[in-house]
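Per-entry structural report
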Amino acid sequence: GYTDKFLEIVSITRPDVPSRVQVVANMSERDMGTISKIKNGRKDASELGQYTQWQGYNSLPYWKTPEANTINGTEGLFFRPFLKQGEEVTTFVDDLFRANPMEWVGEEEVRTIRAFKFKIPDYVMKNATNNPLNDGFYAYGPDGMMNLTSCVMAPVFASKPSFMDAEPWLLEEVEGLPPVNRSTMDTNIWVNPLTGVLVKAKKQLQINLMINQNVIFPGFAGLREDRPRYIPVGQIIETGGIDDQLVKQFHDKVFRPQAILVVVIWTVFGIFNVACIGLFIQMLIVAGANQKTPDRDPIIPREEFDEGAGSEKEHIYEVPIAGDLSTEGAENAYQSI
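Presented here is a report on the structure given in the accompanying data block.

How each quantity is defined
- Residues numbered from 1 in each chain as written.
- Predicted model: local features only at pLDDT ≥ 70, side-chain atom pairs only at ≥ 80, totals over all residues.
- Heavy atoms only, no water.
- 1 Å grid on protein atoms, 1.4 Å probe; cavity = no way out; pocket = protein on both sides within 12 Å on 5 of 7 lines; lining within 4 Å.
- Points joined across faces, edges and corners; volume = space filled by probe spheres on them.
- Nonpolar A, V, L, I, M, F, W, Y, C, P; charged D, E, K, R; others polar.
- Phe/Tyr/Trp six-rings, centres within 6.5 Å; stacked < 30°, edge-to-face > 60°.
- Lys NZ or Arg CZ within 6 Å of the ring centre and 35° of its normal.
- Helix = DSSP H or I, 4+ residues; strand = E, 2+ residues; numbered from the N terminus.
- Buried < 20%, exposed > 50% of the residue type's maximum accessible area, 1.4 Å probe, protein only.
- Pairing = 2+ DSSP bridges.
- Contact = heavy atoms within 4.5 Å.
- Polar contact = N/O pair within 3.5 Å; in protein donor to acceptor, adjacent residues only side chain to side chain.
- Salt bridge = Lys/Arg side-chain N within 4 Å of Asp/Glu carboxyl O.
- Core = buried A, V, L, I, M, F, W, Y, C linked by side-chain atoms within 4.5 Å.

1. So, empty space enclosed by the protein
- Tallied over the full model, the rule gives 1 cavity of 30 Å³ or more.
- Within the lining of the largest cavity, the residues separate by chemical class into 6 nonpolar, 2 polar and 2 charged.

Written out as structure tokens, the structure is:
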């Protein structure tokens, strides 16, 4: 906003008249004296940072349906840990007075830190005709416009810069806006998937006033009777990222312990494998030593006797003789050795 000189003079005698003209009130001023609550993730890590109360509200008073008025999402500085590719995350956007999902785009490296990149999904910017879920947010205008009228009590609509991803006629009816450049104009966040910590962010919104042809301004140039015109009046641009100190903390407290843990795990795994291989080889050796193949038939001892004092002991062994024994050979069935 800006300070109007005329209103500044009027406010001297009429303190109730604000001297500052604002389309959207300063959020930091609204923060004074209000309480917001978030979950600490102690019971469920997936709920880390989720709002349970925003600016003193347990449920928003601005929108049409209970679902639209539900307070969820995080402030955007951190999310649940262990994010997976393709997952959405949700942020609560103060400037839009609502929770806003963010769609996974891909994986990038931000200052040597692995990060998932997210963007605003296309379905969030659709009107209620093309996305019935947006009926709760009074999305009755063209695609690409977010209706904030019920929040600021003025015909204010938010869009991406230069009406990016909105209906083409919106940009055609306004002169002076730069051409669309998605790489510099889109809203994106980069989150480390392991910790859920935000490492880079870029938020860009365009604030527009909706103007209809009416009896007060009958000669307003270019206004059509069949549809309103959306006039850009300002932009909200917020960018940020981690500094050198935080990058160092990431490496010292996250990546280095993780690398050490991986080395320890693989070392233990390697020792275990070597021990198993050694044990297997030893078992093969023992099994080979115990396995014997006899060269001849076994000799079975039969009896032992002593003929008399001083005589040598004579051992009688019973030797199996293969084949069919005859009467003459029966006496040789037992041999003295």
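2. With respect to the packing of aromatic side chains
- In the structure shown here, the tally under the stated rule is 12 aromatic pairs.
- Members of the aromatic cluster, each reached through a chain of ring pairs, are Tyr51, Trp54, Tyr57, Tyr62, Phe92 and Phe97.
- The cationic tip of Arg98 hangs over the ring face of Phe137; the distance from NZ or CZ to the ring centre is 3.8 Å.
- Seen from the ring of Trp190, Lys200 lies directly overhead, with NZ or CZ sitting 4.5 Å from the centre.

3. Examining the layout of surface pockets
- For the largest pocket, the calculated volume is near 580 Å³.
- Listed by contribution, the elements that provide at least two residues to the lining of the largest pocket are strand 5 (89–93), strand 6 (98–110), strand 10 (188–191), strand 11 (198–211) and strand 12 (229–241).
- With 5 residues, strand 11 is the single largest residue contributor to the lining of the largest pocket.
- Residues belonging to the lining of the largest pocket are distributed by class as follows: 12 nonpolar, 7 polar and 6 charged.
- Looking at the second largest pocket, it is lined by 16 residues, and the ones nearest its centre are Glu67, Ala68, Arg98, Ala99 and Phe137.
- The dominant element in the lining of the second largest pocket, judged by the number of residues it contributes, is strand 6, at 3 residues.
- Taken together, the residues of the lining of the second largest pocket sort by class into 7 nonpolar, 7 polar and 2 charged.

4. A look at the pairing of strand 10
- Residues Asn188 and Trp190 line one face of strand 10 and the alternating positions Ile189 and Val191 line the opposite face, and both faces are buried.
- As paired elements, strand 7 (residues 113–119) and strand 10 share 4 bridges and run antiparallel to each other. Paired with Phe118 across the bridge in strand 10 is Ile189.
- In terms of strand pairing, strand 10 meets strand 11 through 4 bridges, oriented antiparallel. Counted as the bridge partner of Asn188 is Lys202 from strand 11.

5. With respect to the environment of Ala154
- For Ala154, the position within the fold is in the loop between helix 3 (149–152) and strand 9 (156–159).
- Counting along the chain gives 56 residues from Ala154 to Met210, while the straight-line C-alpha distance between them is 9.0 Å.
- Look past the residues within four positions of Ala154 in its chain and what remains in contact with it is Leu148 and Thr149.

6. Some words on the side chain of Asn188
- Assignment of secondary structure puts Asn188 in strand 10.
- With relative accessibility at 5%, the residue Asn188 sits in the buried group.
- Separated by 3.1 Å, the side chain of Asn188 and the backbone oxygen of Phe118 make a polar contact.
- Beyond its immediate stretch of four places on either side in the chain, Asn188 contacts Lys117, Phe118, Lys119, Ala201 and Lys202.

7. Digging into the pattern of salt bridges
- One pass over the structure, following the stated rule, counts 16 salt bridges.
- Between Lys117 and Glu108 there is a salt bridge whose closest N-O contact spans 3.8 Å.
- Classification of Glu108 by relative accessible area gives partly exposed; the value is 36%.
- The shortest N-O distance in the salt bridge between Lys203 and Glu238 comes to 3.4 Å. You can see Lys203 sitting in strand 11 and its partner Glu238 sitting in strand 12, a full 35 residues away along the chain.

8. Side note on the environment of Asp244
- Considering the arrangement of structural elements, one finds Asp244 in helix 6 (residues 244–290).
- Along the chain, Asp244 and Arg111 lie 133 residues apart, while their C-alpha atoms are 8.9 Å from each other.

9. Points about the nonpolar core
- Counting 34 residues, the largest nonpolar core has Trp54, Trp63, Phe118 and Ile189 as its most contacted members.
- Elements represented by at least two residues in this core include exactly strand 5, strand 6, strand 7, helix 3, strand 9, strand 10 and strand 11.
- Counting residues in hydrophobic clusters, the runner-up holds 8 residues, among them Phe157, Ala166, Leu170 and Val174.

10. Some words on unusual backbone geometry
- Even without being glycine, Met153 reaches a positive phi, approximately 60°.
- Mapped onto the elements of the fold, Met153 is located in the loop between helix 3 and strand 9.
- Of note, the phi angle at Asp165 is positive, near 65°, even though the residue is not glycine.
- Locating Asp165 in the fold gives a position in the loop between strand 9 and helix 4 (168–172).

11. Considerations on the side chain of Thr91
- Inspection of the secondary structure assignment puts Thr91 in strand 5.
- If sequence neighbours within four positions are ignored, Thr91 has contacts with Gly73, Thr74, Gly76, Phe79, Arg98, Ala99, Asn100, Met102 and Ile189.

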